[in-house]
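The primary structure of each chain is shown beneath.
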Amino acid sequence: MIGQKKLEIFCGTGGVGKTTLATSRAVALAVKGHKVLLITIDPAKRLKEILKLSEDQAGMVETISSKTHLNMEGDFTFDALLMSPRETFKRIGGENVIDNPILKVLTRPNGGMNEILALVEVDYHLSQNNYETVILDTPPGKHFIDFLESSKNIKLFFKKIYLDIFNHLKSGKKQRKLFTALISTGIKKLLDLLDKVTGAHFVTEFIETIGIVYSNKEAFIKALEIQETLKTRELSNWFLVTSVDHKKISEAGDIREKAKSFLHEDTFFVINRSWSPYLAQWHPKEANLAKIRGTLWNREREIMDFAEKNYINILQFGEIFSLLPEDQVCQLAKGW
Ligand SMILES: Nc1ncnc2c1ncn2[C@@H]1O[C@H](COP(=O)(O)OP(=O)(O)OP(=O)(O)O)[C@@H](O)[C@H]1O
Ligand SMILES: [Mg+2]
């Protein structure tokens, strides 16, 4: 049994089963009586489909019950949250920040602030201390890890050099005028030009956007501290998910390389949709069937070889022969 931690993170390339497995993990921990929050930033909204969450609940924690949502035996609950970047930003910055048109675009799902706001969200729930475990299901690919790695740039953005400008920007009612007065004629010319090219209001709105983001900088910088949680074995479990049918071994290797500075000993390489438990019990006499078995077996062997060379902890989850998401989750939960 894998020790449950404060934060568990599921990552991997597209369509390998991150969301399904993350949900099954939440179920497995909830069955044991742990208090769990499952957060997804899955743009495909698969969690919504699996747990029958309503669209208008995005950004709000919903309690999932074994009986009503999952049609499962036993009596347990866990909380689930479909990330809404906009709702997260509203919580830290107040309702009115979202009137800003640029922020409206930036806080759309995939609008560019997904990752930082996901960290803000996770940080919020970790600091509230309402849950024993927060499980984070990430969007496909290296993107999320790239983001974690590049957080230096975010810190740079908030560096002292900008401080004076933004302090002026924040002070007094005539913020924008003050700001304009502050910048050199060269920049002003450029902004005027931009204003002409981009149409009315863009520059003012842009400046306002930076002002809003800047005035919430504590929340962003604090959220980046999650990196430390992610690097600490006692606080986090990493699950790098790959799937047999996707043959995404090299991509799994890429992700591992990217995440190197975060990964600690409690990193689990998860092989999903494995056929070997079934193949081990199947010994066809007929030549063609034997060939099929051999091909499938070798394909898995290839992944296993990669896993054994590169990882200490390997988990295997079998292919589930049901298309119903709740069946998949229910059966996979037994494997944890
Ligand atoms: N063990 C399994 N057996 C059978 N089907 C599975 C299994 N795990 C996942 N699937 C199926 O694979 C598909 C992708 O699963 P899922 O959405 O969980 O992947 P994902 O990695 O979260 O995808 P994305 O990268 O788009 O977020 C779904 O149709 C799901 O039902
Ligand atoms: Mg997903």
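Fair warning: this is a prediction, and the values are worked out from it, not measured in the lab.

The subject of this paragraph is empty space enclosed by the protein. Counted by the stated rule, this structure contains three cavities of 30 Å³ or more. Estimated volume of the second largest cavity: approximately 50 Å³. Lining the second largest cavity are ten residues; nearest its centre among them are Gly12, Thr13, Val241, Ala252 and Ile255. Of all the secondary-structure elements, those providing two or more residues to the lining of the second largest cavity are strand 1 (7–12), strand 6 (236–243) and helix 14 (249–258). Tallied by class, residues from the lining of the second largest cavity come to five nonpolar, three polar and two charged.

Moving on, we come to the site of ligand 1. Close to ligand 1 lie 17 residues; Lys18, Thr19, Thr20, Arg46 and Gln328 are nearest. Side-chain polar atom of Arg46 to an oxygen atom of ligand 1: 2.8 Å apart, as the coordinates give it. In this structure, a nitrogen atom belonging to ligand 1 sits 3.1 Å away from a main-chain N or O atom of Gly318. Protein contacts shield 84% of the accessible area of ligand 1, which totals 630 Å² for the unbound molecule. Cavity membership is defined here by more than half of the atoms lying within 2 Å of grid points; on that basis ligand 1 lies in the largest pocket. Broken down by secondary-structure element, the contributors of at least two residues to the shell around ligand 1 are helix 1 (18–31), strand 7 (267–274) and helix 17 (325–333).

A separate point is the layout of surface pockets. In this structure, the largest pocket occupies an estimated 440 Å³ of space. In terms of lining residues, the largest pocket is bounded by 23 residues, among which Gly15, Val16, Gly17, Thr20 and Arg46 are the most central. When contributions to the lining of the largest pocket are tallied by element, the ones reaching two or more residues are helix 1, strand 7 and helix 17. It is helix 1 that provides the largest number of residues to the lining of the largest pocket, a total of three residues.

Here we take up the pattern of salt bridges. Summed over all chains, the structure comprises 14 salt bridges. Of the charged contacts, one joins Lys5 and Asp266 as a salt bridge, the two residues approaching to 2.5 Å between their closest N and O atoms. Within this pair, whereas Lys5 is found in the segment before strand 1, its partner Asp266 is found in the loop between helix 14 and strand 7, the two being separated by 261 residues in sequence. Judged by its relative accessible area of 13%, Asp266 is buried. A salt bridge links Asp75 to Lys67; its shortest N-O distance comes to 3.9 Å. Each member of the pair Asp75 and Lys67 is classed as exposed. Beyond isolated ion pairs, a larger network of salt bridges with shared partners links Lys5, Arg233, Glu265 and Asp266.

Among the eight residues of strand 6, eight are classified as buried, and the element is accordingly described as predominantly covered. Of the two faces of strand 6, the one lined by Ser236, Trp238, Leu240 and Thr242 and the one lined by Asn237, Phe239, Val241 and Ser243 are each fully buried. Relative to strand 6, strand 1 runs parallel, the two sharing six bridges. Of the residues in strand 6, the one forming a bridge with Phe10 is Phe239. The pairing of strand 6 with strand 7 spans six bridges and is classified as parallel. Pairing of Ser243 across the sheet is with Asn272, part of strand 7.

Along its 14 residues, helix 1 runs 20 Å from first to last C-alpha, staying within 8% of the 20 Å computed at 1.5 Å per residue. Where burial is concerned, most of helix 1 is hidden: 13 out of the 14 residues are buried. Where helix 1 ends, the next residue or the one after it, Gly33, has phi of about 90°, a positive value.

So, on to the packing of aromatic side chains. With the rule as written, the count across this model stands at twelve aromatic pairs. A connected cluster of aromatic rings, assembled from ring pairs, spans Phe10, Phe239, Phe268, Phe317 and Trp336. Note that Arg293 overlies the ring of Trp297, its terminal NZ or CZ placed 5.1 Å from the centroid.

The next subject is a nonpolar patch on the surface. Together, Trp282, Leu289 and Ile292 make up an exposed nonpolar region whose accessible area comes to about 250 Å². As for its position among the elements, Leu289 is in helix 16 (residues 287–310).

Here the focus is unusual backbone geometry. The phi dihedral of Lys52 falls on the positive side, at around 55°, and the residue is not glycine. Even without glycine at this site, Asn71 takes up a positive phi of about 55°. Take Asn71: it is sitting in the loop between strand 3 (61–65) and strand 4 (77–82).

Along the chain, Leu70 falls in the loop between strand 3 and strand 4. Linking Leu70 and Glu326, residues 256 residues apart in sequence, is a C-alpha distance of 5.8 Å. The contacts of Leu70, once residues within four sequence positions are left out, are Val27, Leu51, Ile64, Ser65, Phe78, Glu326 and Val329.

Calculation rules
- Residues numbered from 1 in each chain as written.
- Chains lettered and ligands numbered in written order.
- Predicted model: local features only at pLDDT ≥ 70, side-chain atom pairs only at ≥ 80, totals over all residues.
- Heavy atoms only, no water.
- 1 Å grid on protein atoms, 1.4 Å probe; cavity = no way out; pocket = protein on both sides within 12 Å on 5 of 7 lines; lining within 4 Å.
- Points joined across faces, edges and corners; volume = space filled by probe spheres on them.
- Helix = DSSP H or I, 4+ residues; strand = E, 2+ residues; numbered from the N terminus.
- Nonpolar A, V, L, I, M, F, W, Y, C, P; charged D, E, K, R; others polar.
- Near = heavy atom within 4 Å.
- Polar contact = N/O pair within 3.5 Å; in protein donor to acceptor, adjacent residues only side chain to side chain.
- Areas by Shrake-Rupley, 256 points an atom, 1.4 Å probe, with all protein chains shown as cover.
- Sits in = over half its atoms within 2 Å of the grid points.
- Salt bridge = Lys/Arg side-chain N within 4 Å of Asp/Glu carboxyl O.
- Buried < 20%, exposed > 50% of the residue type's maximum accessible area, 1.4 Å probe, protein only.
- Pairing = 2+ DSSP bridges.
- Expected span 1.5 Å × (residues − 1).
- Phe/Tyr/Trp six-rings, centres within 6.5 Å; stacked < 30°, edge-to-face > 60°.
- Lys NZ or Arg CZ within 6 Å of the ring centre and 35° of its normal.
- Patch = residues over 30% accessible without salt bridge, like charges linked within 9 Å, V, L, I, M, F, W, Y side chains within 5 Å.
- Contact = heavy atoms within 4.5 Å.

None of this, on its own, says anything about what the molecule does.
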